[in-house]
Structure formats: C-alpha cells, structure tokens
Amino acid sequence: MLSYKESLKILKETNALLEGHFILSSGLHSKQYIQCAKLLSHPAKAELICSSLATKIKEKFKQIDIVLSPAMGAVVVGYEIGRQLKVETIFAERVGGPLVLRRGFEIKENSKVLIVEDVITTGKSAIECSNIVKSSNAKLVGYACIIDRSNEENSIKDQMVSQMKFNIETFTEDNVPEDLKKINPIKPGSRNLSK
C-alpha cells in the first residue's frame, strides 16, 4: 500500500492538488482544491493510487458484488476499483434532480454494493447513491474514496475507507481571508454545471 506521503507526492506530480481561490460545491471558499481528474489523466499513477485503495477495500469489506459510483468525477475511479476487484461496475447520473440509474444499469436484489467516490467532502452524492441501493433492495457494504476531505463531519465515516485523508481549510463567504479576496475565485467542481 502507498503511504500518505507517497500518495501526496503523486497528487502533486499530476497537478491534482491545486492552489488558488476556489468556490466549492458547498458554497464555501478554499485556498486548495483536489482535482482528481488531473490524477486520472495519468493512468499509471492513477492505477497505483487505486491499487492501494483496492487493497484497503479488500481488508475492510469481505464481499462485494457491484461497485456503484456517482457521475461525473467518480466514474473512472469506480471503473478502476471494479476492474481491480474483478466485480461489475456501474454509475448513477443526475438527471434534473437526484442521482438515478440509466443506460440499462440495475442493482439486483440482495447484491452487496460498494459506493466508490473520487473525493468525499459532505458525502451528499454518496448518500444519494445509497438511496439507490436501498430502493433496489440490495445491501450497502460501505463507501470508498481516493480522498476523504470530510474532516469526520459526514454521517458515513464509520463505513468508509479512503486512500488518504486531506484537510483543506474552508471559509464562508463573509469570512474569506484578505489574501484570498485578491485572487479571482473559480468553481472547479461539476455538481452545479448546467445542461
């Protein structure tokens, strides 16, 4: 397995750890942002990170029948984890509201499902995926992600395994530090993209 230091080195080498002024999906501001898409654009390095995460997943969760990921950011991570675990991999998409299964994807009753994300902060998308699992009368075995940014503030932390925990300081709109105010903010996430 990769250490935290080795994982951080890969994030930096692939420019997945960004510095600047970011407005997160939550509306909070930060000086750093982890763009897993940059990591995933380097397949060999992404494979190393996902291999380490897959080892942790095997240690924590004994049986997995299917990997479910929310689109967009987690699709590639879910695929790679599913490939390494040798299990079926599907994804949920947001279509004018909550995440849903499309494209003929289905979760069979009593299947054991692992939800895989790229980054978990609030856990909102992961919890939406868990609702799909429940409505399919399947069993949620847990959650996995490359980066846990939740700072222990989400309701799924006891059922989650991550490659690395990463604390990024965030600020409310009325509490943005002066040095950050001098940088034009960008919204790097995909949650609120229009159609």
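Residues numbered from 1 in each chain as written. Predicted model: local features only at pLDDT ≥ 70, side-chain atom pairs only at ≥ 80, totals over all residues. Heavy atoms only, no water.

### Let's talk about the environment of Gly73
Position of Gly73 among the secondary structure elements: in the loop between β3 (66-70) and α4 (75-85). Spatially, the C-alpha atom of Gly73 lies 16 Å from that of Ile49, the residues being 24 residues apart in sequence. (Helix = DSSP H or I, 4+ residues; strand = E, 2+ residues; numbered from the N terminus.)

### As for the pattern of salt bridges
Following the criterion strictly, the structure yields 10 salt bridges and no others. A salt bridge links Asp179 to Lys31; the nearest nitrogen and oxygen atoms lie 3.1 Å apart. One end of the pair, Asp179, is in helix α6 (residues 178-181); the other, Lys31, is in strand β2 (residues 29-34), with 148 residues separating them in the sequence. When the shortest N-O distance is used, the salt bridge between Glu93 and Arg103 registers 2.8 Å. One end of the pair, Glu93, is in strand β4 (residues 88-94); the other, Arg103, is in the loop between β5 (99-101) and β6 (112-120), and 10 residues separate them in sequence. (Salt bridge = Lys/Arg side-chain N within 4 Å of Asp/Glu carboxyl O.)

### What to know about the nonpolar core
Residues Ile57, Ile64, Ile81, Leu114, Ile146 and Ile147 are the most contacted members of the largest nonpolar core, which totals 34 residues. Secondary-structure elements contributing two or more residues to this core are α1 (4-13), α2 (36-40), α3 (43-60), α4, β6, β7 (139-148) and β8 (160-165). Ranked by the residues each element gives to this core, the list is headed by α3, at six residues. Among all residues touching Ile64, those that are not within four sequence positions of it are Ile57, Leu85, Val87, Lys112, Leu114 and Val141. (Core = buried A, V, L, I, M, F, W, Y, C linked by side-chain atoms within 4.5 Å. Buried < 20%, exposed > 50% of the residue type's maximum accessible area, 1.4 Å probe, protein only. Contact = heavy atoms within 4.5 Å.)

Everything listed here is a matter of geometry and, on its own, says nothing about what the molecule does.
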